[in-house]
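Below are the chains, spelled out letter by letter.
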Amino acid sequence: TQLLEQSPQFLSIQEGENLTVYCNSSSVFSSLQWYRQEPGEGPVLLVTVVTGGEVKKLKRLTFQFGDARKDSSLHITAAQPGDTGLYLCAGGDSNYQLIWGAGTKLIIKP
Amino acid sequence: DTAVSQTPKYLVTQMGNDKSIKCEQNLGHDTMYWYKQDSKKFLKIMFSYNNKELIINETVPNRFSPKSPDKAHLNLHINSLELGDSAVYFCASSQDLASPYEQYFGPGTRLTVT
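For the structure given in this document, a descriptive report is provided here. Treat the numbers as computed from the prediction; the structure is a model and nothing was measured.

Brief notes about the overall build of chain B
Stage number 1. If you tally the helices and strands in chain B, you get zero helices and eleven strands.
Stage number 2. The N-to-C order of helical and strand elements in chain B reads β-β-β-β-β-β-β-β-β-β-β.
Stage number 3. With the C-alpha coordinates of chain B rotated into their principal frame, the extents come out at 40 × 30 × 25 Å.
Stage number 4. Expressed as a percentage of its 114 residues, the buried residues of chain B come to 43%.
Stage number 5. Each charge sign in chain B was given a centre, from 12 positive and 12 negative side chains, and these centres are 8 Å apart.

This is the structure:
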């Protein structure tokens, strides 16, 4: 069974700080997606990474796919209260299904 | 325009009742999904449909029956509701089976069974 473990489960920091959250597995994925979910809403796709070692930037968010395509990280620079939410990673397996992590709940305090 | 819409947003009902949740997408996607998100926020796939055909049917009680009248709609009917069915249910869609990883979600339906 493929599993995606996200860490930390919960992170609360002050506005302006930097942070990194992780998504790890022992399995190889064909692609990895990061979604953000705000309270009362559905997850919204932020990025897809498909190549080992790939780095993508979305404003202050930097996403990296591990060289072996088993893990990924999301780094946020100068976090803002608008970054608050549940960050979910999901890996695409060889059966064209998404394997979901349990999420990192991020709170940015003003 | 809302890409993926669900109704109702909230549903409170008693044990033993039957209820339905409706989902519509206007993205022109071929593939639609139902997910259950529990209190710990874990998203669990329940069903997926491609062009009205059932593709994935995870281990879900047969009290749950999806129906897709056309590829833009995927409804979920639940019979004999139980306390453990309380959760948030999300509908989602993706372009097609060959590109299932980029999914667009509806706002969710919070089901509370009392």
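A word on the nonpolar core
Stage number 1. Ranked by size, the top nonpolar core spans 22 residues in total, and within it Leu19, Leu32, Trp34, Phe63, Leu74, Ile76 and Tyr87 of chain A carry the most contacts.
Stage number 2. Mapped onto this core, the elements with two or more residues apiece are β3 (19-24), β4 (31-37), β5 (44-49), β7 (61-65), β8 (71-76), β9 (85-92) and β11 (104-109) of chain A.
Stage number 3. Ranked by size, the runner-up nonpolar core spans 20 residues in total, among them Cys23, Ile78, Tyr89 and Cys91 of chain B.

Comments concerning the interface of chain A and chain B
Stage number 1. Listed per partner, the contact involves 21 residues of chain A and 19 residues of chain B.
Stage number 2. For the chain A and chain B pair, buried surface summed over both sides reaches about 1,500 Å², with 58% attributable to carbon and sulfur atoms.
Stage number 3. Three residues, Pro43, Tyr96 and Trp100 of chain A, lead the burial of chain A against chain B; their summed loss comes to 34% of the area buried on that side.
Stage number 4. The interface formed by chain A and chain B includes zero salt bridges.
Stage number 5. Counting every contact that joins chain A to chain B gives seven residue pairs in polar contact (both at pLDDT 80 or more).
Stage number 6. Among the secondary structure elements, those contributing two or more residues to the side of chain A that touches chain B are β4, β5, β9 and β10 (98-100) of chain A.
Stage number 7. If one sorts the elements of the side of chain A that touches chain B by residue count, β4 of chain A sits on top with four residues.
Stage number 8. Taken together, the residues of the side of chain A that touches chain B sort by class into nine nonpolar, ten polar and two charged.

Focus on the packing of aromatic side chains
Centre distance and the angle of the planes are the two values used to describe a pair of aromatic rings.
Stage number 1. If you walk through the whole model with that rule in mind, you get nine aromatic pairs over all chains.
Stage number 2. A centroid spacing of 6.4 Å and a plane angle of 45° characterise the contact between Trp34 of chain A and Phe63 of chain A, whose relative ring orientation is tilted. In this pair, Trp34 of chain A sits in strand β4 while Phe63 of chain A sits in strand β7, placing the two residues 29 residues apart along the sequence. Here the two residues Trp34 of chain A and Phe63 of chain A agree in accessibility, since each one is buried.
Stage number 3. Ring centres of Tyr35 of chain A and Trp100 of chain A lie 5.0 Å apart, and the angle between their planes is 45°; this geometry places the pair in the tilted category. You can see Tyr35 of chain A sitting in strand β4 and its partner Trp100 of chain A sitting in strand β10, a full 65 residues away along the chain. Here Tyr35 of chain A and Trp100 of chain A have matching classes, each one buried.
Stage number 4. Three or more aromatic residues joined by ring pairs form one cluster here, namely Tyr35 and Trp100 of chain A together with Tyr33, Tyr35, Phe90 and Phe105 of chain B.

Reading the values: rules and limits
Residues numbered from 1 in each chain as written. Chains lettered and ligands numbered in written order. Predicted model: local features only at pLDDT ≥ 70, side-chain atom pairs only at ≥ 80, totals over all residues. Heavy atoms only, no water. Helix = DSSP H or I, 4+ residues; strand = E, 2+ residues; numbered from the N terminus. Buried < 20%, exposed > 50% of the residue type's maximum accessible area, 1.4 Å probe, protein only. Lys, Arg positive; Asp, Glu negative; His and termini not counted. Charge placed at Lys NZ, Arg CZ, Asp CG, Glu CD. Core = buried A, V, L, I, M, F, W, Y, C linked by side-chain atoms within 4.5 Å. Contact = heavy atoms within 4.5 Å. Buried area = accessible area lost by both parts, 1.4 Å probe. Salt bridge = Lys/Arg side-chain N within 4 Å of Asp/Glu carboxyl O. Polar contact = N/O pair within 3.5 Å; in protein donor to acceptor, adjacent residues only side chain to side chain. Nonpolar A, V, L, I, M, F, W, Y, C, P; charged D, E, K, R; others polar. Phe/Tyr/Trp six-rings, centres within 6.5 Å; stacked < 30°, edge-to-face > 60°.

Purely geometric numbers; function is a separate question.
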